[in-house]
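Commentary on secondary and tertiary structure
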Amino acid sequence: MPENTSRTSDEGADRDSGPVDESGASVILSDETGSFAWGVLAKRHPSLIQQVRDAFPYGRRQHAALDALLDEITNGVVEPLAPSAHDHGQWAEWGRGHFGRPWFDAPFLWAESYFYRRLLGAVEYFGTGPWQGVDPFAPFKQAELRTAVVDEELGALDALADVSADERATALLHASLWGNRADLGFRVTEGDPAPGDATDGLVADDAAVLWQLLPAGAGSTVAVVADNAGRELIPDLILIDHLLVHRHAKRVVLHVKPSPYYVSDAMTADVVDCLRRLTEAPGEAGRIGNRLWEAVATGHVEIRTHPFFCAPLSYAEMPDDLREEFAAVTLTILKGDLNYRRLVGDRMWDARTRFADLTAYFPGAVAALRTLKSDVIVGLEQKTLDALERSGRAWRTSGTHALVQVRRQT
Ligand SMILES: O=P(O)(O)OC[C@H]1O[C@](O)(CO)[C@@H](O)[C@@H]1O
C-alpha cells in the first residue's frame, strides 16, 4: 500500500488519533495504515534489520536477537530493556505507558528512537564482548564516502574559489541544507529522491536572517547540531570552514550523536572519516580539510556530544547542561528532519503555526536547515501552503523540498 504522505493543513491538524493537549495539535502516532509514520515502522524498520544482518558476520546469538526484534516490531508488543542494560532505568521512565502495547500505538518519535536503541542491543553494541562499540551502520556510511558522487561534490569546490563571498556563502549554505537529503534511512525504502531545483524547492527561506545574526568579525560562537554523516556532514564541515575563514564565527561547536542512531547519524568517528576524506582530496577540498583539522587542534572547532541527542524527547525537554551550552552561543544551527521534529514538536501542527512561537523556549537564536522528510511542518505562508497542496505531490515527506527557518534571540 502506498504511504499516505500528502495532507491538507486542515486534515493535518485533527486527523490523527494521538493525544491532543492545549497546543491543539495531535502527537504523531504510527497506527494509521498507509500513513508515513506507519510506513517507517511497518516497512523501513524491518528492511533495516535485514540490511544490518547482511552487513556483518554476526553470530547465532545476534541473529536470534534480530529475529526476536523483527517479530516484536511486526507482531508483538513493546518489550522493556533487560534490567541489566546500562540505560534500563532511563528507558523505563521514557517508555512508561508504551510497554506491553503494540509499537504502532506509541508516539512515532518515541517508537523510532526506541527501535534504534533495541537494534543496538540486538547486535551487542553496548555489551562487554567483541561487538562492543561496532557501529552497525558503519558499512553504509563508509560506502557512501567512497562514491564518485562525493569526488564530484568535492571537485566542485574548486569552481567556487572565483565567486564572490556572498555567492559562495549561499552556495555552501544550500549544499549543507540539501546535503540533508543524503540520509541512508530515507533510502532504505525510497531510493534517492529526485534532484529538484534547489531554490524552487525552498518552502521557507530565512537565510538572510541567519547571515545577519553572524556579522563578520563579531567574535561569534556557532553551535552546529549535526544530522547525517557522509554526504551531509561533508558540506556541513565545509560550511563550518566558511564561517571561520570569513569570520562569521570565531568558534564552532559541532554536536554529534554519542551512539549510532537513525541509520546514518554522525558520531565522532564519522567526523574523523569525513575530515580524512577532505584532507586526502585534491584542490580546495583538501585545503579545507587541512584547515578544519588544524581548527580542531586549536579549539576553533570543538566536537561535542550529549546523551540527550539520542533521547526520544523534544528539545523543549532538554537538560540544563545542554540548555546552558545553547544559551551561551550566538546561534544554534539544527540540521535535518529529526532535529526539526524535536525542535518544534512531533505533532500535526497547522502548517501556518509560527516557527518563532513554537521555538520561543529555545535558549538563544536557532536556525533549522532541513529537507522535508516527515509530516511535521510549521511556519508556512498561506500562499506557499496552497501551492504545495495543489501540487498533489508528497511534498512533506519526499525530500524534494527544504527550508531555512530562523528565530532570533527573544
Ligand atoms: O536524517 P534526518 O534528516 O534527521 O531524517 C530522519 C528522518 O528519517 C525518518 O526516520 C524516516 O524518514 C524520519 O522519521 C526522520 O525524521
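Residues numbered from 1 in each chain as written. Predicted model: local features only at pLDDT ≥ 70, side-chain atom pairs only at ≥ 80, totals over all residues.

Things to note about the overall build of the protein chain
Using the following cut-off: The numbering of helices and of strands both runs from the N terminus, where a helix is a DSSP run of H or I of at least 4 residues and a strand a run of E of at least 2. Here the radius of gyration uses the C-alpha set of atoms, whereas the globule reference equals 2.2 Å times the residue count to the power 0.38. Our exposure labels follow a C-beta count within 10 Å of each residue's own C-beta, placed from the backbone: buried means 20 or more other C-beta atoms, exposed means 12 or fewer, and partly exposed covers the counts in between. In this description, any two residues whose backbone-derived C-beta atoms lie within 7 Å of each other are considered to be in contact.
Counting secondary structure elements, the protein chain contains 18 helices and seven strands. The C-alpha atoms of the protein chain give 21 Å as radius of gyration, which agrees with the globular expectation for 410 residues (22 Å, within 12%). In terms of overall dimensions, the protein chain has C-alpha extents of about 60 × 50 × 40 Å along its principal axes. For the protein chain, the proportion of its 410 residues judged to be buried stands at 47%. The contacts of the protein chain with a sequence gap of at least 6 include a subset with a gap of at least 24, amounting to 78%.

Topic: the sheet that holds strand 6 (residues 366–371)
Keep this limit in mind: The rule for pairing is simple: two strands pair if DSSP sees at least two bridges between them. Inter-axis angles, ranging from 0 to 180 degrees, are taken between N-to-C directions of lines fitted to C-alpha atoms, where helices are fitted over the stretch in contact.
Spatially, seven strands are ordered 1-7-6-5-2-3-4 in an open sheet, and the strand pairing comes out mixed. The open sheet is flanked by strand 1 (202–205) and strand 4 (301–305), the only strands paired with a single partner. Sheet twist, expressed as the average angle between the axes of neighbouring strands with direction ignored, equals 15°. Inspection of the sheet shows strand 2 (residues 221–225) paired to strand 3 (residues 251–256) by five bridges, in the parallel sense. By the bridge assignment for strand 3, Ala 223 is matched with Val 253.

A short note on the pairing of strand 2
This is how it is decided: Crossover handedness is defined here as right-handed if the route from the first strand over the helix to the second strand goes clockwise, with the strands pointing away from the viewer.
Counting buried residues along strand 2, four of its five residues qualify, which places the element largely inside the surrounding structure. Between the parallel elements strand 2 and strand 3, the chain passes through helix 12 (residues 230–245) in a crossover that is right-handed. As paired strands, strand 2 and strand 5 (residues 331–335) are joined by four bridges and run parallel to one another. Within the sheet, the bridge partner assigned to Val 224 lies in strand 5 and is Ile 333.

Observations concerning helix 6 (residues 138–145)
What counts here: Within this analysis, the arc is defined by the directions that extend from the helix axis to the C-beta atoms.
Here helix 6 has its buried residues at Phe 140, Lys 141 and Glu 144. All buried residues of helix 6 fall inside an arc of 100° around its axis, so they share one side.

Overview of the packing of helix 2 (residues 36–55) against helix 5 (residues 108–122)
This is how it is decided: Oblique is the label for every angle not falling under 35 degrees (roughly parallel), over 145 degrees (roughly antiparallel), or within 65 to 115 degrees (roughly perpendicular). Each residue is assigned to one of three groups, with Ala, Val, Leu, Ile, Met, Phe, Trp, Tyr, Cys and Pro labelled nonpolar, Asp, Glu, Lys and Arg labelled charged, and all others, Gly among them, labelled polar.
Two elements in contact, helix 2 and helix 5, have axes separated by 11 Å at closest approach and are oriented at 10°. The angle between helix 2 and helix 5 falls in the class roughly parallel. For the pair helix 2 and helix 5, the contacting residues are Ala 37, Val 40, Leu 41, His 45, Ile 49 and Val 52 in the first and Phe 108, Ala 111, Glu 112, Phe 115 and Leu 119 in the second. Residues belonging to the contact of helix 2 with helix 5 are distributed by class as follows: nine nonpolar, one polar and one charged.

A closer look at the domain arrangement of the protein chain
Our working rule: The source of the domain bounds is an automatic or database domain assignment.
When the domains of the protein chain are assigned, the result is domain 1 (9–122) and domain 2 (138–407). Measuring from the centre of the C-alpha atoms in domain 1 to the corresponding centre in domain 2 gives 25 Å. On the side of domain 2, 22 residues touch domain 1, which itself brings 26 residues to the contact. Listing elements by their share of the side of domain 1 that touches domain 2, those giving two or more residues are helix 1 (9–14), helix 2 and helix 5. Split by residue class, the side of domain 1 that touches domain 2 holds 15 nonpolar, seven polar and four charged.

Here's the deal with unusual backbone geometry
Backbone geometry at Arg 247 places phi at a positive 60°, although glycine is not the residue there. Among the secondary structure elements, Arg 247 is positioned in the loop between helix 12 and strand 3.

Description of helix 2
This is how the line gets drawn: Each helix should span, by expectation, one fewer than its residue count multiplied by 1.5 Å. The term bend refers to the angle at a residue between two fitted axes, each drawn through seven residues, those ending there and those starting there.
For helix 2, with 20 residues, the first-to-last C-alpha span of 26 Å sits near the 28 Å given by 1.5 Å per residue. Arg 44 marks where helix 2 bends most, by close to 30°; the proline Pro 46 follows one to four residues later. If you check which residues of helix 2 are buried, you get Phe 36, Ala 37, Gly 39, Val 40, Leu 41, His 45, Leu 48, Ile 49 and Val 52.

Describing the environment of Glu 22
Tracing the sequence through the fold places Glu 22 in the loop between helix 1 and helix 2. Separated by 108 residues in sequence, Glu 22 and Pro 130 have C-alpha atoms that sit 49 Å apart.

Some thoughts on the confidence of the model for the protein chain
Caution is warranted with low-pLDDT regions, since their predicted coordinates should not be read in detail. Filter applied, for reference: pLDDT is a residue-level measure of predictor confidence that goes from 0 to 100.
On average, residues of the protein chain carry a pLDDT of 92, and 91% of them reach 70 or more. Per-residue pLDDT stays below 50 along residues 1–16; that stretch engages in 36 contacts with residues further than four places along the chain or on separate chains. In this model, residues 192–199 is a region of pLDDT below 50 whose contacts with residues beyond four sequence positions or in other chains number 10 contacts. Quick note on the complex model: pTM equals 0.93, ipTM equals 0.97.

A look at the packing of helix 9 (residues 165–179) against helix 12
Between two packed helices, what matters for the description is the angle formed by their axes and the separation of those axes. This is how it is decided: Put simply, a crossing is left-handed when the front helix is turned counterclockwise from the back one by less than a right angle, and right-handed when it is turned clockwise.
Interhelical geometry of helix 9 versus helix 12 gives an angle of 155° and a closest axis separation of 8 Å. As far as their axial angle goes, helix 12 and helix 9 are roughly antiparallel. Helix 9 and helix 12 meet at a crossing whose hand is left-handed. The residues of helix 12 that touch helix 9, namely those facing Arg 168, Ala 169, Leu 172, Leu 173, Ala 175, Ser 176 and Gly 179, are Arg 231, Glu 232, Pro 235, Asp 236, Ile 238, Leu 239 and His 242. Partitioned by chemical class, the residues of the contact of helix 9 with helix 12 number seven nonpolar, three polar and four charged.

A closer look at the environment of Arg 354
Topologically, Arg 354 is positioned in the loop between helix 16 (336–344) and helix 17 (355–358). With 278 residues separating them along the chain, Arg 354 and Gly 76 place their C-alpha atoms 39 Å apart.

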